[in-house]
Amino acid sequence: MDEITELLEKYNQKKLIKFLNILNEEEKRNLEKQIKNINFEQMMELYNATKKQVTFEEKNIEHVEYTDKSKLTKEEKNELDKIGEEIIKNGKYAVVTMAGGQGTRLGHSGPKGTFEINVNSGKKYLFQIIVEALQRANKKYNSNIPWYIMTSRENNKDTVDFLEKHNYFGYDKNSIKLFIQGELPLVDTNGNLVIGKDKKIKEAADGNGGIYEAMAKGHILEDMEKRGIEWIFVGGIDNVLLNIVDPTLVGLIIKENNLIASKSIVKREPKEKAGVFCKVNGKPKVIEYTELPDELAEQVKEDGELVFGELNILSHLYNIKVLKDLAEVKLKYHTAFKKSDYLDENGNYIEVNEPNVYKFEAFIFDAFERYENMSILRVKREDEFAPIKNKEGVDSPETAIKLYNEKFKIGSEL
Ligand code: UTP
C-alpha cells in the first residue's frame, strides 16, 4: 500500500481512495499534494466534536461594565478624543477590514466588498464606503492611515482585480496591503472529506478568528511595526455605518489601560440574533445568541435594561502587542452546517438542496477571554450599525440603505 492510501485508510477516507483511482496522473498528483498538507488528526477531532451536543456550561456569568458614549460629559469626551487624536495624527493607527467571508446569506456572486448599494449620494460599493471613511479621517487628522484587507483564497483574486479596476477608489496604494486567511477542509456527515468540481478537496475560510494567524503569516504585523503602528482597528466589510476611526474609542482604551476594546450597541430584544458581551469567570467574553439560554437572555436589571444586552457589532480595537501574542494561539472552532455540491467517489457531480457538510470556523472574539479586561464603548445603533447580511428583510441592503441615508443626509457634513 502506498503512503497516501495508508494515510487515507487510517482516517477512514474510503471515498477519497476510490476517487483517486479514477483520476489521470496529473489530477492524482495534484490531489495527493493537497492530501499531504491536510492535518487529518485535527479534522477527525473536529468531525467527532460535531457529534457532541453543545451545552451551556458557563456558570460564572456576569454582565459586563461599559462606557456609554452618549452619556460622557463634554469634558470627558474631549479628554478621550484628545488622547485618541494624538495617536491617529502621529501615524500610530491602522485599520483592518475582514473581507474573507463567503457572504452566503446575501447571495452576491463575488466578494461582499464588491456589492453595490444605491444610496442618496450615489451608488457605492462596500469597499468604497470604507475608503470614503478612511479619506474623511485622513482629511480631519491630516493622517495617512494604513488599510489592511483580509481575503480568503477563494475571493482574493476577485478582490484584487476589483480594487485594481477601481484604482483603490483613490486611496494611496502604498497604504494598502491584502493578506489571505487560512482554510480548513469541509467534512460530510460521515466524516468524509468533500471533493469539489475541480477534483480537489473542498476547503473553506477558517472563520474571522483566522485573522490572528493570518496577520502574522502574511507579514502584516511586521509591516505595521515598520510603520510605527500601535493601535489597530479591526472590523467587517458589511456594516455600512462602521465607525473605523473613532478617537473616543482609542482614548478610552488608553485611559483604561487596556489592550483590547470593542463597541457595543443595546440589544433590541432578548432574541436578537447576535452575540453579547459578558464576563465569564471574571474574563471578558462574547456569547453567541445560540449559546445564551433564554432565561439569561431575558434577564433585566432594575433600570429595565437587559443584563446581557451589550451587542457585539464587530468593531474592535487592539494594541499591536495583543496581535503578536495571538499569532500562535489556536482558537476553538465552531461548527456550521452548510450546503455544498460535490463530486462523488465515481466523479458524478451531485447538487444538493439541503445542508450536507460541516464547515469549521474560529471566531475573532474567542480571543478576548485570554485577557483580564477589555474596554467596551456603548454607541448608538443608528450611528454605527447597519449590516448587510441577508438578501431581504432584517439586516438587508434595504435596511442598510435606509440607515445610511438617515445618517449621511445629503448636504450634511459626512
Ligand atoms: P459573517 O460571519 O457575517 O459571514 O462575517 P459573511 O461571510 O459575511 O456571511 P455569511 O455568514 O456567509 O452569510 C462577518 C465578517 O467577518 C468576515 C466577513 O467577511 C465579514 O466581514 N469573515 C467571515 C472573514 O473575513 N472570514 C471568514 O472566514 C468569515
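Here the residue index of a chain counts from 1 through its sequence in written order. Given that this is a predicted model, residues contribute local features only at a pLDDT of at least 70 and side-chain atom pairs are listed and counted only at 80 or more, while totals for whole chains, interfaces and linings are drawn from all residues. The basis for the side-chain values is all heavy atoms of the structure; hydrogens and waters are excluded.

Caption draft 1: Main features of the environment of Asn21. By the criteria applied, helices consist of DSSP H or I runs no shorter than four residues and strands consist of E runs no shorter than two, each listed in order from the N terminus. The topology assignment puts Asn21 in helix H2 (residues 14-21). Distance in space between the C-alpha atoms of Asn21 and Glu345 is 9.3 Å, their sequence separation being 324 residues. Looking at Asn21, its side chain comes within polar contact range of the main-chain oxygen of Ile17, at 3.3 Å. Think of a polar contact as two N or O atoms within 3.5 Å of one another; within protein, one of them needs to be a possible hydrogen donor and the other a possible acceptor, and neighboring residues in sequence only count if both atoms come from side chains.

Caption draft 2: Just the site of the ligand, in detail. Taken together, 19 residues lie around the ligand, and Met98, Thr104, Arg105, Gln181 and Lys389 are the ones closest in. Separating an oxygen atom of the ligand from a backbone N or O atom of Met98 is a distance of 2.7 Å. Within the contact set of the ligand, an oxygen atom lies 2.8 Å away from a backbone nitrogen or oxygen of Gly103. Areas reported here follow the Shrake-Rupley algorithm with a probe of radius 1.4 Å; residue values treat only the protein chains shown as occluding. Look at the ligand: alone it shows 570 Å² of surface, and the protein chains cover 88% of it. The criterion for a residue being near a molecule or strand is simple. One of its heavy atoms has to lie within 4 Å of it.

Caption draft 3: Main features of the side chain of Glu345. Of note, Glu345 is situated in the loop between strand E17 (342-343) and strand E18 (349-350). In this structure, Glu345 is buried with no salt-bridge partner, the nearest side chain bearing the opposite charge being Lys15 at 4.2 Å. Throughout, a residue-residue contact means that at least one pair of heavy atoms, one from each residue, lies within 4.5 Å. The contacts of Glu345, once residues within four sequence positions are left out, are Lys15, Lys18, Phe19 and Ile22. For every residue, the accessible area obtained with a 1.4 Å probe (protein chains only) is divided by the maximum for its type, and the residue is called buried under 20%, exposed over 50%, and partly exposed between those limits. Within this scheme the basic residues Lys and Arg register as positive and the acidic residues Asp and Glu register as negative, but His and the chain ends are omitted. Criterion for a salt bridge: a side-chain nitrogen of Lys or Arg within 4 Å of a carboxyl oxygen of Asp or Glu.

Caption draft 4: Quick look at unusual backbone geometry. Not every positive phi belongs to a glycine, and Lys199 is a case in point at roughly 65°. Its location among the elements puts Lys199 in the loop between strand E9 (187-188) and strand E10 (203-205). In this model, Asn281 sits at a positive phi of 50°, which is unusual for a non-glycine residue. Its location among the elements puts Asn281 in the loop between strand E13 (276-280) and strand E14 (283-287).

Caption draft 5: Spatial organisation of the nonpolar core. Residues Tyr93 and Trp147 are the most contacted members of the largest nonpolar core, which totals 67 residues. Among the elements that take part in this core, helix H6 (residues 126-141) stands out by supplying 9 residues, more than any other. When residues no more than four places from it in sequence are discounted, the contact partners of Tyr93 are Ile87, Ile88, Ile145, Pro146, Ile229, Trp231, Phe233, Ile244, Val245, Asp246, Val250 and Leu317. As used in this record, nonpolar core signifies buried Ala, Val, Leu, Ile, Met, Phe, Trp, Tyr and Cys residues forming a set joined through side-chain atoms within 4.5 Å. In terms of nonpolar packing, the next biggest core, distinct from the first, is built from 35 residues, Tyr148, Leu221, Val286 and Ala362 among them.

Caption draft 6: Spatial organisation of the pattern of salt bridges. Counted according to the given criterion, the structure contains 30 salt bridges. The salt bridge partner of Lys263 is Glu384, with a shortest N-O separation of 2.8 Å. Note that Lys263 is positioned in strand E12 (residues 260-266) and Glu384 in helix H13 (residues 381-384), a separation of 121 residues in sequence. A residue is classified by how much of its surface remains accessible, and Lys263, at 0% relative accessible area, is buried. Glu384 gets classed as buried once you look at its relative accessible area, which sits at 4%. The closest approach of N and O atoms between Arg381 and Glu272, which form a salt bridge, is 2.8 Å. On the criterion of sequence distance, the pair formed by Arg381 in helix H13 and Glu272 in the loop between E12 and E13 is long-range, its members being 109 residues apart. You'll find Arg381 and Glu272 in the same group, each marked buried. Through salt bridges with shared partners, a single network forms among Asp68, Lys71, Lys301, Glu305, Glu310 and Arg378.

Caption draft 7: Region of interest: the sheet that holds E9. What makes two strands pair is DSSP finding at least two bridges between them. Here 3 strands make up an open sheet; going across it, the order is E9-E19-E16 and the pairing antiparallel. Pairing within the sheet leaves two strands with one partner each, and these edge strands are E9 and strand E16 (334-338). Pairing of E16 with strand E19 (residues 357-361), which is carried by 5 bridges, proceeds in the antiparallel orientation. Bridge pairing in E19 links Ala336 to Lys359. Between the N-to-C directions of two axes lies an angle of 0 to 180 degrees, each axis being a line fitted to C-alpha atoms and, for a helix, fitted only over the stretch in contact. Sitting on the sheet, helix H4 (residues 40-50) is in contact with E9, E16 and E19, with an inclination near 110° to E19.

Caption draft 8: Layout of empty space enclosed by the protein. Both cavities and pockets are sets of points on a 1 Å grid over the protein atoms alone; in a cavity a 1.4 Å probe fits but cannot get out, in a pocket the set is open with protein on both sides within 12 Å along at least five of seven lines, and lining residues sit with an atom within 4 Å of a point. Grid points are joined across faces, edges and corners, and a volume is the space filled by probe spheres set on the points. Counted under the stated rule, the structure contains 2 cavities of 30 Å³ or more. The calculated volume of the largest cavity comes to roughly 90 Å³. Surrounding the second largest cavity, Lys285, Val286, Ile287, Glu288, Glu291, Lys332, His334, Phe365 and Asp366 form its lining. Considering every element that reaches the lining of the second largest cavity, the biggest residue donor is E14, with 3 residues. Under the grouping applied here, Gly and all other residues not named as nonpolar or charged are polar, the nonpolar ones being Ala, Val, Leu, Ile, Met, Phe, Trp, Tyr, Cys and Pro and the charged ones Asp, Glu, Lys and Arg. Here the residues of the lining of the second largest cavity are counted per class, giving 3 nonpolar, 1 polar and 5 charged.

Caption draft 9: Representation of the packing of aromatic side chains in the model. The rule is short: rings of Phe, Tyr and Trp, with Trp giving its six-membered ring, pair when the centres are within 6.5 Å, and they are stacked under 30 degrees, edge-to-face over 60, tilted in between. Scanning the model with the defined rule gives 12 aromatic pairs in all. Judged by centre distance (6.2 Å) and plane angle (35°), the ring pair of Phe127 and Phe162 falls under tilted. Here Phe127 is found in helix H6, whereas its partner Phe162 is found in helix H7 (residues 156-165), with 35 residues between them in sequence. Neither residue differs from the other here; Phe127 and Phe162 are each classed as buried.

Geometry only, nothing functional implied.
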